[in-house]
Amino acid sequence: ADRAQMQIYEQLGYRTLCTSTATGEGIELLRELLSGKCSAVAGQSGVGKSSLLNSIDPKLKLRTGQVSEETLKGRHVTSTALLIRLGCGGFVVDTPGVRSLDLSAVPIEHIEMHFRELADHIPHCRFPDCTHRHETNCAVKAAVEAGSVTTIRYESFCRMFEERLQ
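These remarks concern the structure in this document. Bear in mind that the values here come from a model prediction, so they are computed numbers and not experimental data.

**Let's talk about the overall build of the chain**
Counting its regular elements, the chain contains five helices and three strands. Reading the helices (α) and strands (β) of the chain from amino to carboxyl end gives α-α-β-α-β-β-α-α. Here the chain holds 166 residues, and the buried ones make up 31% of them. In the chain, of all internal contacts separated by at least 6 residues, the share reaching a separation of at least 24 is 48%. Surface accessibility of the chain: about 11200 Å² in total, with carbon and sulfur atoms responsible for 52%.

As structure tokens, then:
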């Protein structure tokens, strides 16, 4: 993720951290954050979760794939979740990568609850069953237009909503 994308999540109250297994950026801080805790790494296939853990604790020697010169992406290698004891103390679960999120277990009317920045606006919509996509007097759409909800996150919400309709 680039720094502009990270700022979106920082403004929502999430802690973000830039790391690089190539340069070592952020590795020491991440090691400190994981130390003495039970954590999990999760993300898309081939993004470098195991490589990141190897950087945190080189003794782990977790299996990793090569980065493709064509796509500049890693290859899916981890096939099962592994509970790993870290040398700095604590445990971490290295999870297999995800290719997509299955939202089928989330009722369509609850998708909005997974976008914390929408919560304050939803009660102010004109219609109690507002889908925040096409209705008039929608407080969420007004918040997007005013810039208090980012277009990127709103479009992500809309995509998830549309996927559940199909």
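**Side note on the pattern of salt bridges**
Considering all chains together, one arrives at four salt bridges under this definition. Arg3 is the salt-bridge partner of Glu25, the closest N and O atoms lying 2.9 Å from each other. Here Arg3 lies in helix α1 (residues 3–11) and Glu25 lies in the loop between α1 and α2 (27–34), a separation of 22 residues in the sequence. Since its relative accessible area comes to 35%, Glu25 is described here as partly exposed. Arg31 is the partner of Glu28 in a salt bridge, and the nearest nitrogen-oxygen pair spans 2.3 Å. Highlighted residues: Glu28 and Arg31, both in helix α2, separated by three residues, approximately one helical turn.

**Points about the pairing of strand β2 (residues 82–85)**
The pairing of β2 with strand β3 (residues 91–94) spans four bridges and is classified as antiparallel. Following the sheet pairing, Ile84 is matched in β3 by Val92. Hairpin connection from β2 to β3: five residues lie between these consecutive antiparallel strands, with Gly89 at a positive phi of about 100 degrees.

Criteria and cut-off values
Throughout, residues of each chain are indexed from 1 in the direction in which the sequence is written. Since the coordinates come from a predicted model, pLDDT governs what is reported: local features require at least 70, and pairs of side-chain atoms require 80 or more to be given and counted, while whole-chain, interface and lining totals use all residues. Excluded from the side-chain calculation are hydrogens and water; included are all heavy atoms of the structure. By the criteria applied, helices consist of DSSP H or I runs no shorter than four residues and strands consist of E runs no shorter than two, each listed in order from the N terminus. Think of it in three bands: residues with accessible area under 20% of the maximum for their type are buried, residues over 50% are exposed, and the middle band is partly exposed, with areas taken using a 1.4 Å probe on protein chains only. Residue contacts follow a heavy-atom distance rule, with two residues in contact if any of their heavy atoms lie within 4.5 Å. What sets the accessible areas is the Shrake-Rupley method with a 1.4 Å probe; for residues, cover comes only from the shown protein chains. Think of a salt bridge as a Lys or Arg side-chain nitrogen and an Asp or Glu carboxyl oxygen that are within 4 Å of each other. Any two strands with at least two DSSP-identified bridges between them are counted as paired.

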